[in-house]
Amino acid sequence: MRGKSEEEMKQNGISLHPLDVAAGPEPELLCIFGTGDLGRSLGLRLLQSGYGVVYGSRKPHSCGPLPQGAQVMTHAEAAQSSNLIFICVHREHYEFLTTMEHHLKGKVNKHKPTINNLKKGMYPEANAKNKNISGFYLNCVQVFLCGESGEAKQAVAHLATKLGLTVMDIGSLSAARELEDFPLKLFPEWRLPLSIAVGLTVFFFFYLLIRDVIYAYVEKKDEISYRIMVSLTSKVFPIVALGMLSLCYLPGAIAAFFQLYRGTKYRRFPNWLDRWMLCRKQMGLVALGFAFLHAIYTFIIPIRYSVRHKLISGVMKNNKTTPFYFDNTNAWRMDSFLSLGILGFFLFVLLGLTSLPSVGGSLSWRELNFIQSKLGHLTLFVCTAHGYIYGWNRFLRPSTYKWYTPPGYVLCLIVPSVVLVLKLLLLLPCVDRGKTRCFCLLPGWLPGWLPASSPGQRSV
Ligand SMILES: Cc1cc2nc3c(=O)[nH]c(=O)nc-3n(C[C@H](O)[C@H](O)[C@H](O)COP(=O)(O)OP(=O)(O)OC[C@H]3O[C@@H](n4cnc5c(N)ncnc54)[C@H](O)[C@@H]3O)c2cc1C
Ligand SMILES: NC(=O)c1ccc[n+]([C@@H]2O[C@H](COP(=O)([O-])OP(=O)(O)OC[C@H]3O[C@@H](n4cnc5c(N)ncnc54)[C@H](OP(=O)(O)O)[C@@H]3O)[C@@H](O)[C@H]2O)c1
Ligand code: HEM
């Protein structure tokens, strides 16, 4: 048994002060295996919450600084002294638990649960053989809990609540594997949107490189490779942004047609659609990132050397020949195109802001649905119109189709146009009536009910 003096702790550069060491005469003792970073910070939090803490360590007499008021013993002794055991050692060292199986076994018979790592972003290394073990994973202020024994889970839930955390029971111990993988997962919901973004960026970069730079070199012996740095990238970013924005709204339309075809919303969507629907938020935010890049690149256009050079030489050439001709249509076109771009960008940012938990959380479901779905489609419409006006009459010029390939903006307008047409079809009164029938008039309809497959569910 060992308590650390404050002086000793300061020496080691750590100042750990329990706020409430002993709330009652006999605080409940909790055991922590491992005196490392996680064990120490967990111990402090437990002490602050009024529990007594007993550490189980391989070297109880020479372990590092511990929170004041904690005791330290061998693993076996510590296990004897407590009802709950937190395992705060790395997974690869778990074999030591097998050597002390009999200590833990006794506890299991007495229904003493063992809980695993507990800390922000910790690993819940649950032992699937032990029926009383509860996997426990803490994600900010919410803890996920699983286990076979109701009693064990209750104890863990009680403890977590006392620590000021919200508990979410995710079922039996069979969920432990999934739970364990939570902290090991690297951006799971972002993987698909990021892969799509990277795929589209690479594709359009090389597509435009061939169409713009290589074509000019091969056909006109024009060396314009400098365009790779700004011209090309500033084309790729808005194309990817618009493409991904439309991919956010395409699954919703497909889902609606699925439901119309099936005549009910009470059937799960296919897995691919489900997965797609569930990553729309991330897809939208990645698209927003690309739109930001586009906006920034747009603002540097006037200060580019090549642009200034072209402008000045154009003016000089023009001055020598005819008076400077003002094209009214072109002025309308440019102003409308820029205005729609700015408006689209504003709406895009608005969507991004409402996906912040602090903002989205303060809105009702209807408000959030209005912004994300209605304003979202409006954003798509405005940005698509921006793209169409950018193309203007160039869509029809044969010279636009270098080597018989359509320009990037033509390709990137295909999916948004399809989404908008599908949405328009869904708004037709006859289709809308069918939708209402699917949603509302079937037996079992509950207002506000969200289907298992989560269309309409917002991941705020
Ligand atoms: C910058 C940005 C940020 C975003 N942030 C978020 C975000 O934080 N959270 C988020 O979820 N999305 C977010 N998105 C994605 C997108 O805006 C939303 O998913 C949007 O709600 C999709 O609208 P929708 O009309 O296509 O789909 P939904 O409103 O989900 O509807 C799709 C279809 O599902 C069916 N459906 C809808 N409701 C129900 C119901 N109650 N029961 C049965 N079926 C139903 C209908 O057939 C409907 O047509 C974001 C997008 C962008 C661009
Ligand atoms: N630290 C964090 O912020 C954090 C965050 C998320 C998840 N985690 C997870 O929590 C676990 C512990 O992390 P940590 O940061 O606390 O690690 P750590 O600082 O390295 O501490 C691990 C402790 O385990 C004990 N230990 C080491 N080797 C052992 C062995 N062979 N057998 C038995 N016990 C052994 C040691 O305590 P004794 O010397 O006292 O025996 C050591 O102090 C890991 O699974 C980690 O991934 C940690
Ligand atoms: C601040 C707001 C915006 C401004 C000022 C703006 C301006 C511009 C400009 C000047 C161009 C021509 C670029 C060039 O010739 O290289 C352009 C092209 C384009 N913009 Fe925007 N834009 C804005 C927002 C958006 C948004 C939000 C989207 C959609 C997500 C978008 C999609 C496009 C597309 C698809 C093109 C055509 C790209 C190409 O092939 O050259 N823009 N925009």
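Residues numbered from 1 in each chain as written. Chains lettered and ligands numbered in written order. Predicted model: local features only at pLDDT ≥ 70, side-chain atom pairs only at ≥ 80, totals over all residues.

Engineer: Would you mind showing me how to read the site of ligand 3 here?
Structural biologist: The immediate surroundings of ligand 3 are formed by 24 residues, with P238, A241, G341, C383 and Y409 found nearest. Elements supplying a minimum of two residues to the shell around ligand 3: α9 (231-262), α11 (280-299), α13 (328-354), α15 (365-391) and α16 (408-427). The dominant element in the shell around ligand 3, judged by the number of residues it contributes, is α9, at seven residues. Here the shell around ligand 3 is built from residues that sort into 15 nonpolar, eight polar and one charged. (Near = placed C-beta within 6 Å. Helix = DSSP H or I, 4+ residues; strand = E, 2+ residues; numbered from the N terminus. Nonpolar A, V, L, I, M, F, W, Y, C, P; charged D, E, K, R; others polar.)

Engineer: Which parts of the structure should I look at to understand the pairing of strand β1 (residues 29-33)?
Structural biologist: Where a strand is regular, its side chains alternate between the two sheet faces. Of all five residues that make up β1, four are buried, and the element is covered over most of its length. Where β1 meets strand β2 (residues 52-56), five bridges bridge the pair, whose relative direction is parallel. If you follow L30 over to β2, its bridge partner there is V53. This β-α-β element, β1 to helix α2 (residues 37-48) to β2, shows right-handed connectivity. In this structure, β1 lies alongside strand β4 (residues 85-87), joined through three bridges in parallel fashion. Considered in β4, the bridge of F33 is made with I87. (Buried ≥ 20, exposed ≤ 12 C-beta atoms within 10 Å, placed from the backbone. Pairing = 2+ DSSP bridges. Right-handed = clockwise from strand over helix to strand, strands pointing away.)

Engineer: I keep staring at the confidence of the model for the protein and nothing clicks. Help me out?
Structural biologist: Close inspection of predicted coordinates is inappropriate in any region flagged by low pLDDT. A residue-level look at the protein finds 79% of positions with pLDDT of 70 or above and a mean pLDDT of 81. Within the protein, the lowest mean pLDDT, 41, falls on strand β5 (residues 114-116), and the highest, 97, falls on α11. (pLDDT = per-residue confidence, 0-100.)

Engineer: What should I look at first to understand the environment of P188 in this one?
Structural biologist: Structurally, P188 can be placed in the loop between α7 (176-181) and α8 (191-220). Using a count of 12 C-beta atoms within 10 Å as the deciding quantity, one classes P188 as exposed. As for P188 and C279, which are separated by 91 residues in sequence, their C-alpha atoms are 9.6 Å apart.

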